[in-house]
Amino acid sequence: MEILTPQIIWKGYDASALPLSASVLSDKTENGVRTVLAYFNGPTTTDGVARVFVRCALPVADKPVPAVVYMPDAHRPVSAVDVSYLVRDGYAAVLPDYAGEREDDARYTLYPRSMACANFTPDCLTEVPDDVRVNCWIIWAETLMRAVTFAASLDGVDAGRIAVAGDGIAAASVLKAAAVDGRVKCAVTLFSPGYRPEETEGRDYLSYKVALDGAAYAPMIKVPLLMMLSSNEQDDSTDDMSEIFELIPPESGSRLSISERTSHAFGVKQKNNVSLWLAYHLKGIGSVPGAPELAVSCEERRLRFSVTAPEDCDDVELFASQAMPRGSLRNWRRTIPEKTENGEYVAYADVYDIKQPVYAFANVCPHGGGMSVSTPVLSRVPALLGVAETPVKSSRLVYDGDMGTDDWMVQSPLAEKDTLTMAPGPFGIPGVSSALGTMSTFKIGDAAYRGRGSLLLQIMIYSAVDQTVTFTVVARGDEEDDGYTSYSYSATLSPSDEWRKLTLAATDFKSPHAAGMEWENAVYLRVDSDAPVAISSMIWV
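What you see is a predicted model; the values in this text were computed from it and never measured.

Thresholds, definitions, all that
Residues numbered from 1 in each chain as written. Predicted model: local features only at pLDDT ≥ 70, side-chain atom pairs only at ≥ 80, totals over all residues. Heavy atoms only, no water. Pairing = 2+ DSSP bridges. Helix = DSSP H or I, 4+ residues; strand = E, 2+ residues; numbered from the N terminus. Axes fitted to C-alpha atoms, helices over the stretch in contact; angles between N-to-C directions. Contact = heavy atoms within 4.5 Å. Disulfide = S-S within 2.5 Å. Buried < 20%, exposed > 50% of the residue type's maximum accessible area, 1.4 Å probe, protein only. 1 Å grid on protein atoms, 1.4 Å probe; cavity = no way out; pocket = protein on both sides within 12 Å on 5 of 7 lines; lining within 4 Å. Points joined across faces, edges and corners; volume = space filled by probe spheres on them. Nonpolar A, V, L, I, M, F, W, Y, C, P; charged D, E, K, R; others polar. Salt bridge = Lys/Arg side-chain N within 4 Å of Asp/Glu carboxyl O. Parallel < 35°, antiparallel > 145°, perpendicular 65-115°, else oblique. Left-handed = near helix turned anticlockwise from the far one by under 90°.

Turning next to the sheet that holds strand β6 (residues 157-167). One open sheet holds the 9 strands; their spatial order is β1-β2-β3-β5-β4-β6-β7-β8-β9, and the pairing between them is mixed. Two strands bound the open sheet, and with one partner strand each, they are β1 (23-30) and β9 (255-259). Strand after strand, the sheet turns through a mean of 20° between neighbouring axes, direction not considered. When strand β3 (residues 48-59) meets strand β5 (residues 92-96), the two strands line up antiparallel, connected through 4 bridges. Paired with Ala57 across the strands is Ala93, a residue of β5. Packing of helix α8 (residues 273-283) onto the sheet brings it into contact with β4 (65-71), β6, β7 (186-190), β8 (225-230) and β9, and relative to β7 it is tilted by some 165°.

Shown next, in the form of structure tokens:
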């Protein structure tokens, strides 16, 4: 099997060279929106050509509008994706299906037999054929670039202002298109492509890393790319994607944005990033902040963080986590650095185990609002910097209402209504609450707040309705889920004029997969309920 590089695979490739042979199924205009359903010729092989199904939504306008070619995650059919926000903002939304044959939609892309590997299944992601050019990742990228050709052919689209965007698995295709297709004006990747092969010495792994991995394409990117990540992505990909971003040439004008304490979701400060990015690059409206920088050093044996922020960004936040290699399980402590006379922002951190890595990133944005951009995630071993270890001073107080929502997160996509809030409870005491009825904290896994021995976790909680609330603790120490096990406890709550006190022992939490849990091994706590609840405090007793 020959090892091919991206330069060899795409040498001489022209996504606009062959005819589209488009077949329009419908072209209707209603309420100021034109909707087009069609098939066009995609990637071609010796035994045929892929017929790509595409759905388009265009605003009715007096002059050509910019277009966004958007590939959703493979699990969602293009007919089910809401693109009204793009049309409302004056963009033509072009959604090519790339996942192929599926049971949840009547229309999808038709691949010839030699491209059957492009019909999405979880197994197809790991297949590396002798000729990597006939691989789902390459076929999907070519499908995206052919969709750019189709978008440029549409009446009412400005062919010189086309962006590409991809969610989840499709983000890999966007990275490739941004590196290969010079027609792209800008690009957006949303979260991780979701597949990272385990490092081996095998030829398949080498072939993937050289020909297909995002790190192979990042140095080739010349167009501005916005990489949107979540700090606690469940596939633990944030660190890897951050490293890929660092390989993108700075002169491309690309930016990284990490939504803190989220998993596959936009944070409150990041929710408008994509709109602002597209407006700037496709319409020339607004501005994009410069790229911040983060440095870690030792000062008087303390761990020192230094953030260099663009002049227009005075909202600077630092997020750091210690001794947790799995990104999905990190407790990101928020710190507001102090601005020094020379304009840098500085913060210090106590380190409880200098032999374990410290992970950190910074978010900056204009104080009055605008794009939130991030530094890549840094990883440093404090002992190698000369940092002294700080003795652990355990705090019995894990949380109270004065801390606000800062130590909590919602592990699902955030909409306006789902933002964590401080809800009023009995006696006018507020508590953290989520409109979704689910919220999590990683604080009980932090060395400074972890329970020990026979301590009990006392939770003050309030519910306005009769319901069952489930508390789930994920803890280390079992083979399930890569060494982590879920333990649960349920309590029935009723409306009351007072806060309900729950006093929980580690032995109250049960799992069908393991014996008793110990607080020392706890990583995070999740609270699930049908209706919102409020928590005013958590304390070890």
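Read on for the rest.
Moving on: the state of the cysteines. Per the stated rule, a full pass over the model turns up 0 disulfides. Sulfur of Cys124: no disulfide; nearest cysteine sulfur belongs to Cys136 and is 4.0 Å away. In this structure Cys313 is not part of a disulfide, and its nearest cysteine sulfur, from Cys365, lies 6.6 Å away. Under the relative-accessibility criterion, Cys313 is labelled buried at 1%.

The space that makes up the second largest pocket amounts to roughly 510 Å³. Lining the second largest pocket are 28 residues, and of these Gln322, Arg333, Tyr352, Asp446 and Ala447 sit closest to its centre. A total of 4 residues in the lining of the second largest pocket trace back to one element, the largest contributor, which is strand β12 (residues 315-322). Of the residues in the lining of the second largest pocket, the class split is 13 nonpolar, 6 polar and 9 charged.

We now examine the pattern of salt bridges. Enumeration according to the criterion identifies 20 salt bridges in this entry. As a salt-bridge pair, Asp97 and Arg102 come within 4.0 Å of each other at their nearest N and O atoms. The same class applies to Asp97 as to Arg102, namely buried. Here Asp239 and Arg330 are joined by a salt bridge, their closest N and O atoms 2.7 Å apart. Of the two residues, Asp239 sits in helix α7 (residues 238-246) while Arg330 sits in the loop between β12 and β13 (333-335), which places them 91 residues apart along the sequence.

Turning next to the pairing of β3. Taken across its 12 residues, β3 has 9 buried, putting it largely inside the fold. If you look at the hairpin formed by strand β2 (residues 33-45) and β3, you'll find 2 residues sitting between the two strands.

For the pair helix α3 (residues 136-153) and helix α4 (residues 171-180), interaxial distance at closest approach is 9 Å and the crossing angle is 60°. Between α3 and α4, the crossing angle belongs to the class labelled oblique. For the pair α3 and α4, the crossing hand works out as right-handed. Within the contact between the two elements, α3 uses Trp137, Ile138, Trp140, Ala141, Leu144 and Met145 and α4 uses Ala172, Ser173, Val174, Lys176, Ala177 and Val180.

Within the secondary structure layout, Asp167 lies in strand β6. Sequence-distant contacts of Asp167, defined by excluding residues within four places in its chain, comprise Tyr70, Met71, Pro72, Asp73, Arg76, Leu190, Phe191 and His264.

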